[in-house]
Amino acid sequence: MSPVLLWLVLMIVLPQIDLLVMSFRFEADDGKMIWSFSNYLQFFEEPIYWLTFVRTAIYSILVTFLTFVIALPLAFYITKVVAPKFQGFLLVLILLPFWVSELVRVYGWMILLRESGVINHFLIKTGILHQPVEMLYKDSTMILGLVYTSMLFMVVPIVSVLESLDNSLIEAAYDLGANMWSILFKIIIPHATPGIVSGAIVVFMLTLGNYLTPNLMGGKNSLWFTEQIYNQFIASFNWNQGSAFGFLLLLLSSLIVWIGLKLTRQNLKKVVQ
Amino acid sequence: MIRTLPTSKTYNRLFKFYVILYFIFLFAPLLVTCVLAFNDSQFPSLPWKGFTLEWFTANLPQRVGIFNDRINLDSIWVSFRVAFFVTLLSTVIGTCGAFLFEQEDFRFKQLLYFLMLAPLVIPGVILGISILLLSNTLGTYFETSWGVDIDLFRPGFWLVVLGQFSFIATLVTLVVSARLKKFDRTLEEAALNLGANRFEVIWHITLKFLRPAIFGAAALAFLMSFENFNTTLFLVGHEATLPINLYLQVRDGSTPVINAISFLLIVGTSMLALANLYFSRKSE
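The rules behind the values
Numbering of residues begins from 1 in every chain and follows the order in which that chain's sequence is written. Chain A is the first chain written and ligand 1 is the first ligand written, with later ones labelled in order. Where totals are concerned, whole chains, interfaces and linings use all residues; where local detail is concerned, this predicted model gives features only for residues with pLDDT of at least 70, and gives and counts side-chain atom pairs only at 80 or more. Put simply, DSSP H or I for four residues or longer makes a helix, DSSP E for two residues or longer makes a strand, and each gets a number counted from the N terminus. Counting other C-beta atoms within 10 Å of each residue's C-beta, where C-beta atoms are placed from the backbone, gives the exposure class: buried for 20 or more, exposed for 12 or fewer, partly exposed between. The contact criterion used is a C-beta to C-beta distance within 7 Å, with each C-beta placed from the backbone. Multiplying 1.5 Å by the residue count of a helix minus one yields the expected span of that helix. The angle separating two fitted axes, one through the seven residues that finish at a residue and one through the seven that start at it, defines the bend at that residue. Angular values range over 0 to 180 degrees, each being the angle between N-to-C directions of two axes fitted as lines to C-alpha atoms, with helices fitted over their stretch in contact. Should an angle fall under 35 degrees it is taken as roughly parallel, and over 145 as roughly antiparallel, whereas 65 to 115 is taken as roughly perpendicular and any remaining angle as oblique. Put simply, a crossing is left-handed when the front helix is turned counterclockwise from the back one by less than a right angle, and right-handed when it is turned clockwise. Note that Gly is not counted as nonpolar here; it falls among the polar residues with everything else outside the nonpolar set of Ala, Val, Leu, Ile, Met, Phe, Trp, Tyr, Cys and Pro and the charged set of Asp, Glu, Lys and Arg. Only buried Ala, Val, Leu, Ile, Met, Phe, Trp, Tyr and Cys residues enter a nonpolar core, and they are joined through C-beta atoms within 7 Å. Known as pLDDT, the predictor's confidence for each residue is given on a scale from 0 to 100.

Asker: So what's going on with the overall build of chain A? Residues and values would help.
Answerer: Broken down by element type, chain A carries 13 helices and 2 strands. Residues classed as buried in chain A amount to 42% of the 273 residues present. For chain A, long-range pairs separated by at least 24 residues make up 69% of all intrachain contacts whose partners lie at least 6 apart in sequence.

Asker: Provide a residue-level description of the overall build of chain B, including the pertinent values.
Answerer: What chain B contains, in helices and strands, is 11 helices and 0 strands. Helices (α) and strands (β) of chain B occur, in sequence order from the N terminus, as α-α-α-α-α-α-α-α-α-α-α. Burial statistics for chain B: of 284 residues in total, 39% are counted as buried. In chain B, the share of contacts with a sequence separation of at least 24, taken over all contacts with a separation of at least 6, comes to 73%.

Asker: A description of the interface of chain B and chain A should follow, citing residues and the corresponding values.
Answerer: Every contact between the two is made by 68 residues of chain B and, on the other side, 66 residues of chain A. Per-element accounting of the side of chain B that touches chain A gives the leading share, 13 residues, to helix α1 (residues 9-36) of chain B.

Asker: Describe α1(B), with residues and values.
Answerer: Residue and element names in this part refer to chain B. Taking 1.5 Å per residue as the helical rise, α1 with its 28 residues ought to reach 40 Å, and the 39 Å between its terminal C-alpha atoms agrees with that figure. Largest kink in α1: about 40 degrees, centred on Phe27, with the proline Pro29 one to four residues after it. Where α1 is concerned, the buried positions are Leu26, Pro29, Leu30, Val32, Thr33 and Leu36.

Asker: Hey, could you go over the environment of B:Val250 for me, with residue numbers and the actual values?
Answerer: As for its position among the elements, B:Val250 is in helix α10 (residues 242-251). In this structure, the C-alpha to C-alpha distance between B:Val250 and B:Leu127, residues 123 residues apart in sequence, is 24 Å. In this view, B:Val250 contacts A:Tyr107, A:Leu216 and B:Ile258; residues no more than four positions away in its chain are not counted.

Asker: Break down the packing of helix α7 (residues 139-163) of chain A against helix α9 (residues 180-208) of chain A for me, with residues and values.
Answerer: All names here are of chain A. Where α7 meets α9, the axes come as close as 8 Å, and the angle between the chain directions of the two elements is 160 degrees. In terms of orientation, α7 and α9 fall into the roughly antiparallel class. Handedness of the α7/α9 crossing: right-handed. On α9, the residues that touch Leu146, Ser150, Phe153, Met154, Pro157, Ile158, Ser160, Val161 and Leu162 of α7 are His191, Ala192, Pro194, Gly195, Ile196, Ser198, Gly199, Val202, Val203, Leu206 and Thr207.

Asker: An account of the packing of helix α12 (residues 239-263) of chain A against helix α5 (residues 124-145) of chain B is requested, with residue identities and associated values reported.
Answerer: For any two helices packed against each other, one specifies the inter-axial angle together with the distance between the axes. Look at α12(A) against α5(B): their axes get within 10 Å of each other, and the N-to-C directions meet at 140 degrees. Judged on the interaxial angle alone, α5(B) and α12(A) are oblique. For the pair α12(A) and α5(B), the sense of crossing is left-handed. Listed contacts from α5(B) to A:Trp239, A:Gly242, A:Ser243, A:Gly246, A:Leu249 and A:Leu250 of α12(A) are B:Ile126, B:Ile129, B:Ser130 and B:Leu133. When the residues that make up the contact of α12(A) with α5(B) are grouped by side-chain class, the tally is 6 nonpolar, 4 polar and no charged.

Asker: Tell me about the nonpolar core, residues and numbers included.
Answerer: If you look at the biggest cluster of nonpolar residues, it comprises 126 residues, and the most contacted ones within it are A:Ala75, A:Met110, A:Val155, A:Ile158, B:Val176 and B:Ala217. The element best represented in this core is helix α6 (residues 157-180) of chain B, accounting for 13 residues. In this view, B:Ala217 contacts B:Thr91, B:Gly94, B:Val172, B:Val175 and B:Val176; residues no more than four positions away in its chain are not counted.

Asker: Go over the environment of A:Phe122 with me, naming the residues and quoting the values.
Answerer: Residue and element names in this part refer to chain A. Locating Phe122 in the fold gives a position in helix α6 (residues 118-125). Take Phe122: there are 13 C-beta atoms within 10 Å of it, and that puts it in the partly exposed class. As a C-alpha pair, Phe122 and Tyr137 span 15 residues in sequence and 20 Å in three-dimensional space.

Asker: Account for the environment of A:Gln16, with residues named and values stated.
Answerer: All names here are of chain A. In this structure, Gln16 sits in helix α1 (residues 2-23). Classification of Gln16 by C-beta neighbours within 10 Å gives buried; the count is 21. Taking C-alpha positions, Gln16 is 9.8 Å from Ser243, a pair spaced 227 residues apart along the chain.

Asker: Any details on the confidence of the model for chain B? Residues and values, ideally.
Answerer: Put simply, chain B has an average pLDDT of 79, and 86% of its residues get 70 or more. Predicted complex metrics record ipTM = 0.80 and pTM = 0.81.

So, in structure tokens, the structure goes:
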């Protein structure tokens, strides 16, 4: 009991409280630390800060949605369409790349996409392009990278809920003349909702808090909020401002997770399992 | 639609095409990284200039292979040490946590359970900065009021270990809990009836039952720690872990040495992953 308590209080509760406290401290003109809201005011006054914040939130939602759209057919194929003997094999194949470090995966994409990269090399060889194109450091590449990194966390929960979906339900609907789309929206998606929600929460969280992928694949234009936090902490050494940003990010992620749970009438405990 | 229903050929083909496309998307970056580790060129790009092992073994002025690359080897060693301590700590505490939440009843259990899940909802970056802040606060406090300077509170090896531990312990707790749920408690009662004490029961019966889950969780913890970037970024001192070190190199331009390291990582983690899968299948 006590070691667990120690872990939770020391490593989870106290640091967050300290983060909150720090975010309200501000160095006044005479060099004294005072209580103030100015770190938060700064955030709203400087358009670059809150624009980045909004941008990060919107892109994270977009990435979550794209991941879902790609993952659903795949999960469906694995659980319902492919011959059962290939099922295990395909699942292992899906899991495997995600054991490899995120850095290595991002690096792979960089080699593929950059101006002197592999894809450009092939496009020029085959005569489709005459001049190499820089495909890296664009918003679309960054989204591609983020979708790639978080794919697994959407596929696995959806696979596990679809496994519990009784085939005879789909068969019955088919016999009664339902077409593909109504089966999808009336049977498959409602049944898969718990899995989709838990996948979406994890993907959203990971995307929002990601630093590596936006930084390396989005380059200077990526403008991801975690980079602002990093800059405040490491580059400008303004820890109070950084804490305020950190707390805002924490607030945003909790808020969106909470809304997601409320909208679908799930709770966190169920989603984790 | 599904296996048991008649489907049109185009539907089947399209679906298969989609899945194949997905797998190409999934494996292309890894495959390219591996292949280019053996290219005899100064840059990790095509054209193919012939096969070489020099990016692993060479020790030439213009080309230093990974096995002779001091900085990278050092960071691999740091990562190993961090991962070892994180695995040890989080496996022990995480298993305690699983026992606590599955078998005990106490006040504020719901609240504590919620706190245990919290690291899943806190982005890694935030975890990193908040632990940095706390340790800094504690460090300053100790220095001003006691006059002692404690190394632990500075960014560095042990802070990285603690930072990673704070969320990896949650994963261990969840994995071990899942297995503990399936445990038949009458077995414990039987052992107690037969004269075993509480400690013997846990050691000989419960932990034995949990062993596959604990090993699986430990493997997961090791890997998560070895590859962690977000939390580590803020806590790292002068001893860079491998992901941090690789990040700095990738950001400032790349050489095939990074491919060689990536290749070793891909092979290593795949082995670990397959072994883990194999053992978890076997135990079921």
